[in-house]
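One letter stands for each residue in the lines below.
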Amino acid sequence: MCGIVGYIGSKRAQDILLSGLKRLEYRGYDSAGICILEDQDIKVIKSKGNLDVLVTKVDQQTIGTQGIGHTRWATHGKPSDENSHPHMSTNGKFCLVHNGIIENYNELKADLKEKGFIFLSETDSEVVANLFEALDDGNLLTTARKVTAQLEGSYALCVLNKENTDEFLVVRKDSPLVVGVGEGENFIASDIPAILEYTKKIYILDDDEMALIKRDAVEIYDKSGDRITKKLREITWTLESAEKQGYEHFMLKEINEQPEAIRKTLAGRIKNDMVDLGLNMEEEYVKAINKIAIVACGTANYAGRVAAHLIEDKLRIPVLVSYASEFRYNNPIIDEKTLTIVISQSGETADTLAGLREAKSRGAKIVAVTNVVESSVAREADYVIYTHAGPEIAVASTKAYSTQIAALYLLLMELGQIRGSLEDETIKLWVKEMLAIPEKIQTILGNCELFKGFAENIKDSSSLFFIGRGVDSVSCLEGALKLKEISYIHAEAYPAGELKHGTLALITDNVPVIAVATNGLMLDKIISNIEEVKTRGAITYGVAFEDEQKIKEEVDYFIPIPRVVDAIAPLLAVVPLQLLAYYTSVVKGNDVDKPRNLAKSVTVE
Ligand code: AGP
């Protein structure tokens with residue numbers, strides 16, 4: 001997610017823009033830039049790297065009192081000076097910054113190129129700048145409406161026209177934008193912290209709304225172009241809480257961002273109900289794949305294990321899932337027919353990068369699934385599938401996990417399409433179900449009070465067990481890891497059928513056992529496993545579809561999730577486990593976002 005700040009008033013704009021962008025640094029970024037309108041001339045200063053680099057390039061003599069600024073989290077085009085925002089139209093009249101993803105930018109860019117427009121970057125955002133020029137009718141508002149009518153995707157836009165020295169325009173669709181109201185000055189930002197030190201009076205724009213921002217007025221318009229009035233809010237947050245958008249911790253914010261993160265990860269990759277990742281894998285190569293290796297660490301490894309179940313079950317390709325820290329020392333059986341998938345939120349995990357290189361040295365082609373554009377694994381892989389989760393700040397990975405699973409599902413569907421091993425009907429069903437996942441996650445998130453109670457129940461436990469069958473046992477691995485790493489309570493994930501082979505000895509009175517039971521084919525089996533632990537005194541919790549009456553009657557505490565096809569249930573089953581871990585950590589008074597001993601990215605072996 002990029003950061004956006006805009007100002008118009010009587011102060012020197014660059015000071016406000018730079019301080020506002022600094023306030024947005026927690027969102028993570030790889031480049032930054034500002035533009036200042038002065039004497040009907042637009043000055044653009046932008047560069048790869050952090051804000052300190054940008055500050056050294058800003059001309060202290062610039063006194064313009066209108067401008068826009070941007071910190072970029074790359075989605076299209078590597079981090080570079082040219083790809084940094086703001087972007088200009090070819091004729092130098094329009095200058096804009098953008099947060100979001102324009103899904104149809106390739107088609108628009110080709111059309112504009114044919115009309116003679118010049119492009120200096122690889123970004124989707126620069127296409128919008130030239131579209132403003134192409135559709136310019138002299139009125140910023142009507143031009144903007146014509147431009148947005150051609151855009152598909154998500155965008156928060158802030159646009160300057162160098163001939164309009166007393167206003168600029170903002171548009172919002174799926175990417176947040178707020179307007180800050182001052183005295184003789186007004187502000188815009190992608191996030192409240194950027195402008196909170198200047199004003200606490202905020203308009204929050206809704207989707208498809210536009211606003212003309214002037215020194216002494218803010219004019220807001222709806223999609224049809226009618227002027228509207230909106231509630232002017234008084235923000236009472238502290239700056240620190242505003243960075244978390246009102247959530248107590250980044251982890252809770254990121255758990256709640258999962259619906260949007262999955263939407264963005266799926267965006268532009270499903271066309272006519274079929275998957276199109278744009279990887280351009282050779283059909284002959286794909287059909288010759290006779291093994292898949294998955295290499296990753298921690299939560300990313302578990303996302304890989306979820307996919308592995310489905311790949312073996314549906315594509316009938318054997319999958320070797322390895323902890324990256326083990327992989328390269330196991331003399332892995334990898335060759336040119338082994339597609340190797342490396343998964344890493346940060347894209348910098350040393351063990352995973354070493355695993356990538358090991359597989360490559362043995363002839364394998366590499367697909368990287370990562371959340372950071374141009375990260376090390378992205379640069380060294382043959383193919384890259386970016387998750388669009390936005391920066392993940394909390395050490396405990398949540399939205400990265402669910403978007404990794406979503407990305408992997410897209411990959412296995414595309415492989416199935418090419419190899420003919422997945423019926424079109426199956427793909428259409430899974431696509432339909434995946435598109436409904438964000439709303440279903442939202443339903444679970446609306447039930448978070450349930451987990452505060454459970455956290456009270458388990459907070460003094462010395463050990464907990466997560467049990468499941470089939471792919472549910474992988475959700476258990478992730479649930480146990482989440483709980484351990486932020487609540488510091490020991491937890492163990494176990495294939496439910498294995499308990500009786502020893503671990504059952506640990507189940508005694510009041511030991512909490514969390515059963516994940518979405519696997520319809522194994523329902524009776526998991527029920528007997530729940531009975532097994534109950535007879536030994538366990539307190540049982542069951543994560544299952546909301547209409548699964550048998551589980552509801554079997555367990556002490558029922559945790560319902562909306563029904564989906566079993567195959568993609570892991571995308572939902574993990575959310576209750578994330579919330580349980582989160583609230584347990586909170587009730588224990590731990591540092592939820594920065595748990596002891598751990599780092600967000602382990603760049604050492
Ligand atoms: C997950 O909550 C942990 N923070 C950790 O296991 C993490 O998933 C692992 O270190 C891999 O990180 P990566 O995805 O950045 O490679």
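This structure is a prediction, so every number in the text was calculated from the model and none was measured. (Residues numbered from 1 in each chain as written. Predicted model: local features only at pLDDT ≥ 70, side-chain atom pairs only at ≥ 80, totals over all residues. Heavy atoms only, no water.)

(A) Local environment of the pairing of strand 11 (residues 201-204). Two elements, strand 9 (residues 178-181) and strand 11, share three bridges in a ladder whose sense is antiparallel. Residue glycine 180 lies in a different strand from strand 11, and its bridge partner there is isoleucine 202. By the bridge criterion, two bridges tie strand 11 to strand 15 (residues 233-234) in an arrangement that is antiparallel. What sits directly across from isoleucine 202, in strand 15, is arginine 233. (Pairing = 2+ DSSP bridges. Helix = DSSP H or I, 4+ residues; strand = E, 2+ residues; numbered from the N terminus.)

(B) Structural context of the pattern of salt bridges. For the coordinates displayed, the defined rule picks out 34 salt bridges. Close ionic contact of lysine 43 with glutamate 38 constitutes a salt bridge, the shortest N to O distance being 3.1 Å. By relative accessible area, which is 27% here, lysine 43 ends up partly exposed. For glutamate 38, a relative accessible area of 13% puts it in the buried group. Salt-bridge contacts for glutamate 478 lead to lysine 482; the nearest nitrogen and oxygen are separated by 2.7 Å. Of this pair, glutamate 478 and lysine 482 both sit in helix 18 (residues 472-487), four residues apart, roughly one helical turn. (Salt bridge = Lys/Arg side-chain N within 4 Å of Asp/Glu carboxyl O. Buried < 20%, exposed > 50% of the residue type's maximum accessible area, 1.4 Å probe, protein only.)

(C) Representation of the sheet that holds strand 22 (residues 383-386) within the structure. Taken together, the five strands give an open sheet; going across it, the order is 19-18-20-21-22, and neighbouring strands pair in parallel fashion. Each edge of the open sheet carries a strand with a single partner, namely strand 19 (319-323) and strand 22. Neighbouring strand axes in the sheet, compared pairwise and without regard to direction, differ in orientation by 20° on average. With five bridges joining them, strand 18 (residues 291-296) and strand 19 adopt parallel strand pairing. Each residue of the ladder has a partner; that of alanine 296, found in strand 19, is tyrosine 323. On the sheet, helix 14 (residues 399-419) packs against strand 18, strand 20 (338-344), strand 21 (365-370) and strand 22 and is oriented at approximately 165° with respect to strand 20. (Axes fitted to C-alpha atoms, helices over the stretch in contact; angles between N-to-C directions. Contact = heavy atoms within 4.5 Å.)

(D) Local environment of the packing of aromatic side chains. Overall, the coordinates contain eight aromatic pairs when judged by the stated rule. Look at tyrosine 7 and phenylalanine 187: their rings are 5.2 Å apart centre to centre, the planes differ by 50°, and that puts the pair in the tilted class. Of the two residues, tyrosine 7 is situated in strand 1 (residues 3-8) and phenylalanine 187 in strand 10 (residues 186-189); the sequence distance between them amounts to 180 residues. Considered together, tyrosine 7 and phenylalanine 187 belong to a single accessibility category, that of buried residues. Their ring planes at 70° and their centres at 5.4 Å tell us that phenylalanine 454 and tyrosine 557 sit as a pair that is edge-to-face. Highlighted residues: phenylalanine 454 in helix 17 (residues 449-458) and tyrosine 557 in strand 27 (residues 557-561), separated in sequence by 103 residues. Residue class for phenylalanine 454 comes out buried when judged on its relative accessible area of 5%. The ring of tyrosine 323 has arginine 305 lying over it, and the distance from NZ or CZ to the ring centre is 4.6 Å. (Phe/Tyr/Trp six-rings, centres within 6.5 Å; stacked < 30°, edge-to-face > 60°. Lys NZ or Arg CZ within 6 Å of the ring centre and 35° of its normal.)

(E) Broad picture of the sheet that holds strand 5 (residues 87-88). If you walk across this open sheet you meet the seven strands as 5-6-7-8-12-13-14, and the pairing is antiparallel. Whereas interior strands pair on both sides, the edge strands pair on one side only; in this sheet they are strand 5 and strand 14 (227-228). Helix-sheet contacts for helix 4 (residues 125-134) involve strand 5, strand 6 (94-99), strand 7 (155-161) and strand 8 (167-173), and the interaxial angle to strand 6 is about 140°.

(F) Local environment of helix 18. Here helix 18 spans 22 Å end to end across 16 residues, near enough to the 22 Å set by a 1.5 Å rise per residue. Of all the 16 residues making up helix 18, 14 are buried; the element is thus mostly covered by neighbouring parts of the structure. Of the residues flanking the end of helix 18, it is tyrosine 488, one or two places downstream, whose phi is positive at about 65°. (Expected span 1.5 Å × (residues − 1).)

(G) Molecular detail of the site of the ligand. The immediate surroundings of the ligand are formed by 14 residues, with Ser344, Gln345, Ser346, Thr349 and Glu485 found nearest. For the ligand, an oxygen atom lies 2.8 Å from a polar atom in the side chain of lysine 482. Counting only elements with at least two residues in the shell around the ligand, the list comes to helix 10 (298-315) and helix 18. Among the residues making up the shell around the ligand, the classes are represented as five nonpolar, seven polar and two charged. (Near = heavy atom within 4 Å. Polar contact = N/O pair within 3.5 Å; in protein donor to acceptor, adjacent residues only side chain to side chain. Nonpolar A, V, L, I, M, F, W, Y, C, P; charged D, E, K, R; others polar.)

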